[in-house]
Amino acid sequence: MNNYLELSDSQKRVLYSQILHTTQIPLYNIGGCVVIHGKVDIRLLKTAIQEAVLNNDIFRLCLTELDKEDGIRAYYAKESLPELPFFDLTESENLEDMHAVLRSRMQEELLKPDKPLFRIRLVKFNEDCYGYLVVMHHIISDGWSFQLLYREIGSNYEELLHSGIHSTQPRLSYVDILQRRAGYIGSERYNKDRDFWLKQFEGMEFGGRQQRSRLEAKRKTFRMEGAIAFAIREFCRESAMS
């Protein structure tokens, strides 16, 4: 028997927005391809990825639809090693063909009942270049989470490569986060925060959002010097912030 969990408010917003635009549109797929140049022990890389997934219980989260009253709820699937399909792209004629294959996998439909909300695949580009492709639904992840995941995978791989074992750090469970949220809702701090923000927005008028018929987004990219980027990352790490 499953113990069903209620989604957080932010997860509900993502879910309902996805449903409005149909589940076939990869509106909330997040991830990317990590490319590793040089000699790679594919067996250790696979183990490093599997251990990282097992160490973060959010990857076990699945959605299911109950009755009309309870709606869609989440639950933890039984713990198991994730499948890691292997893509051999060595016979691809050019870089664009490789990118086309990877893009098609990034656009897979993830929001399916009782199915994992992520996919991870090992990729071989050539004899001296490997990697792995990660696709996660926004219900269980965000862009910062992807960065944390590949750091953990990299750390696992280095430890396995040099010592044959890796140290498992205890993680904050998703259930713990929900319990903290439940303790906050209706608390004295919650009421104080609510009153503060209601006062800040008192008397303000907000115009309706402009309706759009297209879902394409735009991205603005800029580069910064390595020293500045490193300093920012170190500040965030020391401050335990994203």
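Here the structure is shown first, and the text comes after it.
Computed from a predicted model, the values in this text were never measured in an experiment.

S.K.: Can you break down helix α3 (residues 95-106) residue by residue, with the values?
M.R.: Over its twelve residues, α3 runs 17 Å from end to end, which matches the ideal 16 Å to within 8%, given 1.5 Å per residue. Listed in full, the buried residues belonging to α3 are M98, L102 and M106. For α3, the buried positions fall inside an angular range of 75° around the axis, keeping them on one side. The inward-facing, buried residues of α3 abut β1 (29-37), β5 (118-126) and β6 (129-137).

S.K.: Please give an account of the pattern of salt bridges that cites residues and values.
M.R.: Any two side chains of opposite charge can pair, on the condition that their charged atoms come close. Across all of its chains, the model carries six salt bridges by this definition. Residue R181 pairs with D9 through a salt bridge whose shortest N-O separation is 3.0 Å. Here R181 is found in helix α5 (residues 174-184), whereas its partner D9 is found in helix α1 (residues 9-20), with 172 residues between them in sequence. Among the residues examined, D9 registers a relative accessible area of 38% and is labelled partly exposed. As a salt-bridge pair, K124 and E127 come within 2.9 Å of each other at their nearest N and O atoms.

S.K.: Any chance you could break down the packing of aromatic side chains for me, citing the residues and the numbers?
M.R.: Each aromatic ring pair is summarised here by two numbers: the centre-to-centre distance and the angle between the ring planes. Going through the model one piece at a time under the given rule, you end up with six aromatic pairs. Here the aromatic rings of F59 and F118 are separated by 4.9 Å at their centres, their planes lie at 65°, and the arrangement is edge-to-face. Here F59 is found in the loop between α2 (42-54) and β2 (61-65), whereas its partner F118 is found in strand β5, with 59 residues between them in sequence. For the pair formed by F59 and F118, the shared burial category is buried.

S.K.: For the nonpolar core, give the residues involved together with the corresponding values.
M.R.: In this structure, I49 and I140 are the most contacted members of the largest nonpolar core, which totals 38 residues. Ranked by the residues each element gives to this core, the list is headed by α2, at six residues. Among residues more than four places away in sequence, those in contact with I140 are I58, F59, L61, L117 and F118. Of all hydrophobic cores here, the second largest spans eleven residues; its members include F87, L89, L102 and V135.

Conventions and cut-offs
Residues numbered from 1 in each chain as written. Predicted model: local features only at pLDDT ≥ 70, side-chain atom pairs only at ≥ 80, totals over all residues. Heavy atoms only, no water. Helix = DSSP H or I, 4+ residues; strand = E, 2+ residues; numbered from the N terminus. Expected span 1.5 Å × (residues − 1). Buried < 20%, exposed > 50% of the residue type's maximum accessible area, 1.4 Å probe, protein only. Arc of directions from axis to C-beta. Contact = heavy atoms within 4.5 Å. Salt bridge = Lys/Arg side-chain N within 4 Å of Asp/Glu carboxyl O. Phe/Tyr/Trp six-rings, centres within 6.5 Å; stacked < 30°, edge-to-face > 60°. Core = buried A, V, L, I, M, F, W, Y, C linked by side-chain atoms within 4.5 Å.

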